[in-house]
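# Descriptive analysis of the structure
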Amino acid sequence: MTAARFAALAAFSLLVTAPAVAQPAAITIDVTNFAFAPKPIHLAAGRPVTLNFVNRSSSRHDFTARNFFAASAISGAMPANGAIDLAPHQSRSITLTPRAGSYSAHCGHFMHKQFGMKTQIIVN
């Protein structure tokens, strides 16, 4: 085997056997007037994560994701009606273990979704 082939094989074996990138223990979801960030939200399936929702606006908003919350194992109380409600400048956190899938999320306040306050949660 040539040195180049050996080096390529060694590099490939490192990629295959390298551990998966760990999901951060916490992710901040910024809530502003008519937007969520990050957009989309990427999570790792089966790995616990704390979602920190931070309402950076002077308006009341929520993060409604009924199917996502229903499919996740949640530590503590299930969000009422599948939504995290946030008063102006309020922060709230929830710890959960998500299940693989693609889920829609939006603000349930009148016309906020139509003004663009929506996102996808992608769990791989």
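Figured I'd write up the structure that's included with this text. This is a predicted model, so every value here is computed, not measured.

## Concerning the sheet that holds strand 8 (residues 91-97)
Pairing is mixed across the open sheet formed by five strands, whose spatial order is 2-1-4-8-6. Edge positions in the sheet fall to strand 2 (35-37) and strand 6 (73-75), since each has one partner strand and no second. Shown here is a sheet whose adjacent strand axes are inclined to one another by a mean of 30°, direction ignored. Relative to strand 2, strand 1 (residues 26-32) is paired through three bridges, and the arrangement is antiparallel. Following the sheet pairing, Asp30 is matched in strand 2 by Ala37.

## Considering the packing of aromatic side chains
Tallying each qualifying case throughout the model produces six aromatic pairs. Ring geometry for Phe36 against Phe63: centres 5.1 Å apart, planes inclined by 80°, an arrangement best described as edge-to-face. Note that Phe36 is positioned in strand 2 and Phe63 in strand 5 (residues 61-64), a separation of 27 residues in sequence. Comparing Phe36 with Phe63 shows no difference in burial state: the two are buried. An aromatic cluster of three or more residues is present, and its members are Phe36, Phe53, Phe63, Phe68, Phe69 and Tyr103.

## A few points about unusual backbone geometry
Backbone torsion omega between Ala37 and Pro38 reads 5°, so that peptide bond is classified as cis. Mapping Pro38 onto the fold places it in the loop between strand 2 and strand 3 (41-43). Cis geometry marks the peptide bond from Lys39 to Pro40, where omega comes out at 0°. One non-glycine residue, Phe34, adopts positive backbone phi at about 70°. Assignment of secondary structure puts Phe34 in the loop between strand 1 and strand 2.

## Examining the environment of Ile74
Position of Ile74 relative to the elements: it lies in strand 6. Of the residues examined, Ile74 reaches a relative accessible area of 18% and is grouped as buried. Ile74 sits 24 residues away from Pro98 along the chain, and the two C-alpha atoms are 8.4 Å apart. Setting aside its immediate chain neighbours within four residues, Ile74 contacts Phe69, Pro79, Ile94, Thr95 and Leu96.

## Some remarks on the nonpolar core
Among the nonpolar cores identified, the biggest contains 25 residues, and Leu43, Leu51, Phe63, Phe68, Phe69 and Ile121 are the most heavily contacted of them. Those elements that place two or more of their residues in this core are strand 1, strand 3, strand 4 (49-55), helix 2 (66-71), strand 7 (83-86), strand 8, strand 9 (101-106) and strand 10 (118-123). Setting aside residues up to four positions removed in sequence, Ile121 forms contacts with Ile41, Leu43, Phe63, Ala65, Phe68, Gly101, Ser102, Tyr103 and Ala105.

Reading the values: rules and limits
Counting from 1, residues in each chain are numbered in the order their sequence is written. Confidence filtering applies because this is a predicted model: local features only for residues at pLDDT of at least 70, side-chain atom pairs given and counted only at 80 or more, and all residues used for totals across whole chains, interfaces and linings. Hydrogens and water are ignored here; the side-chain numbers use all heavy atoms of the structure. For two strands to be treated as a pair, DSSP must find no fewer than two bridges joining them. Going along the chain from the N terminus, every DSSP run of H or I of four or more residues is numbered as a helix, and every run of E of two or more is numbered as a strand. To obtain each axis, a line is fitted to C-alpha atoms, and for helices this fit is confined to the stretch in contact; angles are then taken between N-to-C directions over 0 to 180 degrees. Any two of the Phe, Tyr and Trp rings considered here, Trp counted by its six-membered ring, make a pair once their centres fall within 6.5 Å; the pair's planes then place it as stacked at under 30 degrees, edge-to-face at over 60, or tilted in between. Relative accessibility decides the category of a residue: with a 1.4 Å probe and only protein chains considered, values under 20% of the type maximum give buried, values over 50% give exposed, and everything between is partly exposed. Any two residues whose heavy atoms approach within 4.5 Å are treated as being in contact. The criterion is simple. A nonpolar core is a set of buried Ala, Val, Leu, Ile, Met, Phe, Trp, Tyr and Cys residues joined through side-chain atoms within 4.5 Å.

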